[in-house]
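Each chain, letter by letter, is given below.
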Amino acid sequence: MRKSNRNHLAFYDISSRAAYVKTFEGKKYNVRGLWVIDQEGAAEKLSAIYYRIRTVKDTGFKTIAKRKNPNCELKSVN
């Protein structure tokens, strides 16, 4: 039997629920739909950094998902 992935945070969940993300390199981004904007104002597609994302936060700076290392998937924090 296949294990359920209910704790997995998919790409489209980040674009709709997240306000901020932080990568393993320590860069912080504001999430604006399918785009992310770094602290210098440079915009990138969310899909370009998806696998480098370590922590996902909502508008209240509450952590909603994280991953322990780049090889793991994003897991929801409840």
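Structure: above.
Calculation criteria
Residues numbered from 1 in each chain as written. Predicted model: local features only at pLDDT ≥ 70, side-chain atom pairs only at ≥ 80, totals over all residues. Heavy atoms only, no water. Phe/Tyr/Trp six-rings, centres within 6.5 Å; stacked < 30°, edge-to-face > 60°. Helix = DSSP H or I, 4+ residues; strand = E, 2+ residues; numbered from the N terminus. Lys NZ or Arg CZ within 6 Å of the ring centre and 35° of its normal. Salt bridge = Lys/Arg side-chain N within 4 Å of Asp/Glu carboxyl O. Buried < 20%, exposed > 50% of the residue type's maximum accessible area, 1.4 Å probe, protein only. Core = buried A, V, L, I, M, F, W, Y, C linked by side-chain atoms within 4.5 Å. Polar contact = N/O pair within 3.5 Å; in protein donor to acceptor, adjacent residues only side chain to side chain. Contact = heavy atoms within 4.5 Å.

This part covers the packing of aromatic side chains. Within a pair of aromatic rings, the relevant descriptors are the distance that separates the centres and the angle that separates the planes. The full count for this structure, using the stated rule, is three aromatic pairs. Plain terms: the ring middles of Y20 and F61 are 4.6 Å apart, the flat faces sit at 10° to each other, and that makes the pair stacked. Taken as a pair, Y20 in strand β1 (residues 20-23) and F61 in the loop between β5 (53-57) and β6 (63-66) lie far apart in primary sequence, 41 residues in all. Ring geometry for Y50 versus Y51: centroids 4.9 Å apart, planes at 85°, classification edge-to-face. Pairwise contacts between aromatic rings join F11, Y50 and Y51 into one cluster. One Lys or Arg, R67, reaches over the ring of Y50 and ends 5.5 Å from the middle of that ring.

This brings us to the pattern of salt bridges. Scanning the model with the defined rule gives two salt bridges in all. Here R52 makes a salt bridge to E25, at a shortest N to O gap of 3.3 Å. In this pair, R52 sits in the loop between α2 (46-49) and β5 while E25 sits in the loop between β1 and β2 (28-32), placing the two residues 27 residues apart along the sequence. When the shortest N-O distance is used, the salt bridge between K27 and D38 registers 3.4 Å. With K27 in the loop between β1 and β2 and D38 in strand β3 (residues 35-38), the pair connects residues that are 11 residues apart, well separated along the chain. On the accessibility criterion, K27 (33% relative accessible area) is partly exposed.

What follows covers the nonpolar core. Judged by nonpolar contacts, the single largest core of 15 residues is most densely connected at I14, V21, V36, I49, I53, V56 and L74. Elements supplying a minimum of two residues to this core: β2, α2, β5 and β6.

Our next topic: the side chain of D38. By relative accessible area, which is 8% here, D38 ends up buried. Within the structure, the side chain of D38 is placed 3.4 Å from the side chain of K27, a separation counted as a polar contact. Here A42 takes part through its backbone nitrogen, which lies 2.8 Å from a polar atom of the side chain of D38. Excluding its chain neighbours within four sequence positions, the residues that come into contact with D38 are K27, K28 and Y29.

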